[in-house]
Amino acid sequence: EQPNEACGLIVLRDGAAERYVPGRNREASPYRFDLEVDPETWFLEDEGYELAVFHSHLSSPPRPSRTDVENIGLWEGRPYVILNRRTGELAAWRIQDGRIEPEELSTE
């Protein structure tokens, strides 16, 4: 998606990532994203999977921005994973009622 933010979904089972589903950033912006994925992906929740939203920040820290919090919409309360493209740092969060809570990430 360079020079824009990339986005997609991480498919989780029992808290472990099983795969990544790339999406398209409908905003085509380096400062915000609007995720578009194959609608069939949503049916994975019916099969017991949890879906985490993923997007990249081009140079800012992997922490939800004010824009992320204001535009959380459908992603409220779900795992929210951000990658800093410049440093490679990855962090996970949950955003609920305007509060940002860190989520633990493990490489195991």
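Bear in mind that the values here come from a model prediction, so they are computed numbers and not experimental data.

A. Quick peek at the layout of surface pockets. Counted as a void, the second largest pocket has a volume near 290 Å³. Every residue lining the second largest pocket is counted, 16 residues in all, and those nearest its centre are F33, D34, L35, N71 and W75. Looking at the lining of the second largest pocket, the elements that each hand over two or more residues are β4 (35–36) and α1 (66–70). Here the residues of the lining of the second largest pocket are counted per class, giving 8 nonpolar, 2 polar and 6 charged.

B. Summary view of the environment of W42. By the element assignment, W42 lies in the loop between β4 and β5 (50–57). Here W42 is in contact with V37, L51, L74, W75 and R78, once residues within four sequence places are set aside.

C. Local environment of the sheet that holds β5. Read from one edge of the open sheet, 6 strands run β2-β1-β5-β6-β7-β8, paired in mixed fashion. Of all the strands in the sheet, the pair left with one neighbour each is β2 (16–22) and β8 (99–103). Across the sheet, the mean angle from the axis of one strand to that of its neighbour is 35°, orientation sign disregarded. By the bridge criterion, 5 bridges tie β5 to strand β6 (residues 79–84) in an arrangement that is parallel. When the bridges of β6 are listed, H57 appears paired with N84.

Calculation notes
- Residues numbered from 1 in each chain as written.
- Predicted model: local features only at pLDDT ≥ 70, side-chain atom pairs only at ≥ 80, totals over all residues.
- Heavy atoms only, no water.
- 1 Å grid on protein atoms, 1.4 Å probe; cavity = no way out; pocket = protein on both sides within 12 Å on 5 of 7 lines; lining within 4 Å.
- Points joined across faces, edges and corners; volume = space filled by probe spheres on them.
- Helix = DSSP H or I, 4+ residues; strand = E, 2+ residues; numbered from the N terminus.
- Nonpolar A, V, L, I, M, F, W, Y, C, P; charged D, E, K, R; others polar.
- Contact = heavy atoms within 4.5 Å.
- Pairing = 2+ DSSP bridges.
- Axes fitted to C-alpha atoms, helices over the stretch in contact; angles between N-to-C directions.

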